[in-house]
Amino acid sequence: GAVVSQHPSWVICKSGTSVKIECRSLDFQATTMFWYRQFPKQSLMLMATSNEGSKATYEQGVEKDKFLINHASLTLSTLTVTSAHPEDSSFYICSARPNQETQYFGPGTRLLVL
Amino acid sequence: GENVEQHPSTLSVQEGDSAVIKCTYSDSASNYFPWYKQELGKGPQLIIDIRSNVGEKKDQRIAVTLNKTAKHFSLHITETQPEDSAVYFCAASIWTGGFKTIFGAGTRLFVKA
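Going along each chain's sequence as written, the residues are numbered from 1 onward. For naming, the first written chain is A and the first written ligand is 1, with later ones following in the order written. For a predicted model such as this one, the threshold for reporting local features is a pLDDT of at least 70, and the threshold for listing and counting side-chain atom pairs is 80 or more; totals across whole chains, interfaces and linings nevertheless cover every residue. Values shown for side chains rest on all heavy atoms present in the structure; no hydrogens or waters enter the calculation.

Colleague: Outline the side chain of A:Thr109, listing residues and values.
Modeller: Residue and element names in this part refer to chain A. Considering the arrangement of structural elements, one finds Thr-109 in strand 11 (residues 109-113). Among the polar contacts made by the side chain of Thr-109, one reaches the side chain of Gln-6 at a distance of 3.0 Å. Contacts are assigned to residue pairs that have any heavy atoms within 4.5 Å of one another. The residues touching Thr-109, leaving out its near neighbours within four places in the chain, are Gln-6, Pro-8, Ser-9, Trp-10, Val-11, Ile-21, Ser-90, Phe-91 and Tyr-92. By the criteria applied, helices consist of DSSP H or I runs no shorter than four residues and strands consist of E runs no shorter than two, each listed in order from the N terminus. Under the rule applied, a polar contact is a pair of N or O atoms within 3.5 Å (in protein, one hydrogen donor and one hydrogen acceptor; residues adjacent in sequence only if both atoms are side-chain atoms).

Here you go:
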């Protein structure tokens, strides 16, 4: 199956710093990637849709200046959490589509902001 | 918009028994229904999917059924094993100029040895 990687797998940072998370599709090209946030024992919450070569589309309630998304190539999207605060601590998961329908997820990045 | 409901939220079965997870969706235009398995601390893994022009699909111990009229779809796991223990998410995808996927709340499956 299609493989999606994320880096780093976990990160601890101080409040006020920025953190960048990378999402790569390893064996396919993805014009569209997605970023999700997941709280403990909850479902996946879509944050934004990342489109290669254009601006990301953010879901309602997600601050675009807080969560910067860049999709510079067909295999890489990045999410930068700017000026992170403890409430940003969460499990962030990306996904990518090799075709119109099927979505493959990365292994996730656990962020802890102290 | 589309809404996906998933039941039960928790399911405990004995090893070797079958497990069934059910989902309903609200938008009849939805036409793609994937199922994901998420183990603790990992990302969701696609385990099976079904399209609206098919009523049933099977892959070894896993099967999915779809009732378009009732807007129901279900995941069936036979001969469960402890390694099947995980959280399972159903989802429904609808075309809105691009496919939008709505996830269910998840079912935590425990398989007791």
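After that view, the rundown keeps rolling.
Colleague: Please give an account of the pairing of strand 9 (residues 86-95) of chain B that cites residues and values.
Modeller: Residues and elements named next belong to chain B. With respect to burial, strand 9 is a largely interior element, 9 of its 10 residues being buried. By definition, two strands form a pair when at least two bridges between them are found by DSSP. In this structure, strand 4 (residues 32-38) lies alongside strand 9, joined through 5 bridges in antiparallel fashion. From the neighbouring strand, Trp-35 faces strand 9, where its bridge partner is Cys-90. Across 5 bridges, the pairing between strand 9 and strand 10 (residues 99-103) is antiparallel. Considered in strand 10, the bridge of Ala-91 is made with Phe-103. Count of turn residues in the strand 9/strand 10 antiparallel hairpin: 3 residues, of which Gly-97 carries a positive phi of about 85 degrees. Three labels apply to residues, based on accessible area from a 1.4 Å probe with only protein chains included: buried if under 20% of the type maximum, exposed if over 50%, partly exposed otherwise in between.

Colleague: Go over the interface of chain B and chain A with me, naming the residues and quoting the values.
Modeller: In this complex, chain B contributes 19 residues to the contact, which on the side of chain A involves 20 residues. When the two sides are added together, the surface that chain B and chain A hide from each other amounts to roughly 1500 Å², 51% of it contributed by carbon and sulfur. A simple way to read buried area is as the amount of 1.4 Å-probe accessible surface that goes missing from two parts once joined, with both sides added. The largest per-residue losses of area from chain B upon contact with chain A belong to B:Pro44, B:Phe99 and B:Phe103, which jointly make up 31% of the total buried on that side. Salt bridge criterion: a side-chain nitrogen from Lys or Arg within 4 Å of a carboxyl oxygen from Asp or Glu. Along the contact surface separating chain B from chain A lie 2 salt bridges. Joining chain B to chain A, the criterion identifies 9 residue pairs in polar contact (both at pLDDT 80 or more). Tallying contributions element by element places strand 10 of chain B first for the side of chain B that touches chain A, with 4 residues.

Colleague: Break down the pattern of salt bridges for me, with residues and values.
Modeller: A full pass over the atoms with the stated rule returns 8 salt bridges over all chains. With a shortest N-O distance of 3.4 Å, A:Arg24 and A:Glu22 are connected by a salt bridge. Salt-bridge contacts for A:Lys66 lead to A:Asp88; the nearest nitrogen and oxygen are separated by 2.7 Å. Of this pair, A:Lys66 sits in the loop between strand 6 (57-58) and strand 7 (67-73) while A:Asp88 is found in the loop between strand 8 (76-81) and strand 9 (90-96), placing the two residues 22 residues apart along the sequence. Comparing A:Lys66 with A:Asp88 shows no difference in burial state: the two are buried. Put simply, B:Lys37, B:Glu39 and B:Lys42 are held in one network by salt bridges that share partners.

Colleague: With reference to specific residues and values, describe the sheet that holds strand 1 (residues 4-7) of chain A.
Modeller: All names here are of chain A. Read from one edge to the other, the open sheet built from 4 strands follows the order 1-3-8-7, with strand pairing classed as antiparallel. Bordering the open sheet on either side are strand 1 and strand 7, each of which pairs with just one other strand. Looking at each pair of strands side by side, their axes are set apart by 15 degrees on average, direction ignored. As judged from the 5 bridges shared by strand 7 and strand 8, these two strands associate in the antiparallel manner. Note that in strand 8 the partner of Asn-70 across the bridge is Thr-78. Note on geometry: axes are lines fitted to C-alpha atoms, helical ones only across the stretch in contact, with angles between N-to-C directions running from 0 to 180 degrees.

Colleague: Pulling in residues and values, what's your account of the sheet that holds strand 6 (residues 56-59) of chain B?
Modeller: All names here are of chain B. Taken in spatial order, the 5 strands of this open sheet run 1-3-8-7-6, and their pairing is antiparallel. The sheet is open, and its two borders are formed by strand 1 (4-7) and strand 6, each paired with just one other strand. On average, adjacent strands in this sheet sit at an angle of 15 degrees to one another, irrespective of strand direction. Across 6 bridges, the pairing between strand 7 (residues 62-67) and strand 8 (residues 72-77) is antiparallel.

Interpretation note: all reported values are geometric properties and have no functional meaning in isolation.
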